[in-house]
Amino acid sequence: TSAAEPAAFPEPVPQPSPPARLDTPRPAGPPAAPRTTLRPEESSAPVVAQFTPTSAQLSIASLSITGILEINNLTPMPVSGLILRSHMISAQDGQREAVAAFHSDGGAGSIQPLGDLSARERIEATIEIRLPRNELSSFRWTEREFVAPIVLIHLSGSADSKPLEIQITQLIGREGANRSDRMQPLP
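Here, residues in each chain are numbered from 1, in the same order as that chain's written sequence. Totals for whole chains, interfaces and linings use every residue, but because this is a predicted model, local features are given only for residues with pLDDT of at least 70 and side-chain atom pairs only at 80 or more, for both listing and counting. The basis for every side-chain value is the complete set of heavy atoms in the structure, and neither hydrogens nor water enter the calculation.

*Asks:* I tried to follow the environment of H103 on my own but got confused; where do I start?
*Replies:* Labels follow the DSSP assignment, with helices taken as runs of H or I lasting at least four residues and strands as runs of E lasting at least two, numbered in each case from the N terminus. In this structure, H103 sits in helix α1 (residues 95-104). Working definition: with a 1.4 Å probe on protein chains only, accessible area under 20% of the residue-type maximum means buried, over 50% means exposed, and in between means partly exposed. Relative accessible area serves as the criterion here: at 8%, H103 is assigned to the buried category. In sequence terms H103 and E165 are 62 residues apart; their C-alpha atoms lie 9.8 Å from each other. Residue contacts follow a heavy-atom distance rule, with two residues in contact if any of their heavy atoms lie within 4.5 Å. Residues in contact with H103, not counting those within four places in the same chain, are R85, L152, I153, H154, E165, Q167, I168 and T169.

Listed below in structure tokens is the structure:
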């Protein structure tokens, strides 16, 4: 079984981000505005990043989450040696420890060097993160199985000879029927 759903947020939301939500298809029309917006100039961080999911697909082998990672260098100086680490886990008992272990272990997850970021440069990258089906925890509710994936992204580098680190921990789910604050898990 596989399903792909468009993202609920048309504009990215800087860290710390609320849970990302994937909408069920809706009739064509203007997208709803995100509930929380923070412009880069309102942030006190020198570099900001956010992940905006665009689809979720469950196959026999794995769950794949695809989305846009946006990184903004808000400073007049370059960022050097930017490295992206990414991973995904399921919401479950012990998830706080799993998240902390990922962010503290420099060798955990998929590692991709991104290089340098010029002063005031903004980049966007489409990334796909997979979780093997045998590592996917699910729960049963009303005769169906559901999952609640958590995307983990860790960016590191240096700016002005100082270490730079950005951590993103983002729960992925579906928008509720009334766009309530309560997010729905993925069936």
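*Asks:* Would you mind going over the side chain of T66 with me for this structure?
*Replies:* Inspection of the secondary structure assignment puts T66 in strand β3 (residues 62-73). Take T66: its relative accessible area is 18%, and that puts it in the buried class. Setting aside anything within four residues of it in sequence, one finds T66 in contact with F51, P53, T54, S55, T126, I127 and E128.

*Asks:* Explain the nonpolar core to me, please; I cannot follow it from the model alone.
*Replies:* Across soluble globular proteins, you tend to see nonpolar side chains buried next to one another. Grouped together as the largest cluster of nonpolar side chains are 27 residues, with contacts concentrated most on F51, L69, I71, V151, I153 and L155. Within the residue set of this core, elements represented by two or more residues are β2 (47-58), β3, β4 (79-90), β6 (122-132), β9 (149-159) and β10 (162-174). Here the element with the most residues in this core is β2; it accounts for five residues. Setting aside its immediate chain neighbours within four residues, F51 contacts I65, T66, G67, I68, L69, I127, V151, I153, I168, Q170 and I172. By convention a nonpolar core is built from buried Ala, Val, Leu, Ile, Met, Phe, Trp, Tyr and Cys residues, the set being connected through side-chain atoms within 4.5 Å. Counting residues in hydrophobic clusters, the runner-up holds six residues, among them I89, V99, F102 and L152.

*Asks:* Sorry if this is basic, but what is going on with unusual backbone geometry here?
*Replies:* Both trends apply: most residues other than glycine have a negative phi, and most peptide bonds are in trans. In this structure, R120 is a non-glycine residue whose phi angle is positive, near 60 degrees. Along the chain, the position of R120 falls in the loop between β5 (110-117) and β6. Given a relative accessible area of 55%, R120 falls into the exposed group. Located in the positive-phi region is S161, a residue other than glycine, with phi close to 60 degrees. On the secondary structure map, S161 appears in the loop between β9 and β10. According to the relative accessible area criterion, S161 is exposed, its value standing at 76%.

*Asks:* Would you mind showing me how to read α1 here?
*Replies:* Note: α-helices contain 3.6 residues per turn, so residues at a spacing of three or four share the same orientation. Among the residues making up α1, those that are buried are V99, F102 and H103. Axial view of α1: buried residues confined to an arc of 95 degrees, hence all on one face. Of the exposed residues in α1, the ones pointing more than 90 degrees away from its buried face are E97 and S104. On its buried face, α1 is in contact with β4, β9 and β10. Here the arc refers to the directions that run from the helix axis out to each C-beta atom.

Honestly, that's just the spatial picture; any functional story needs more than this.
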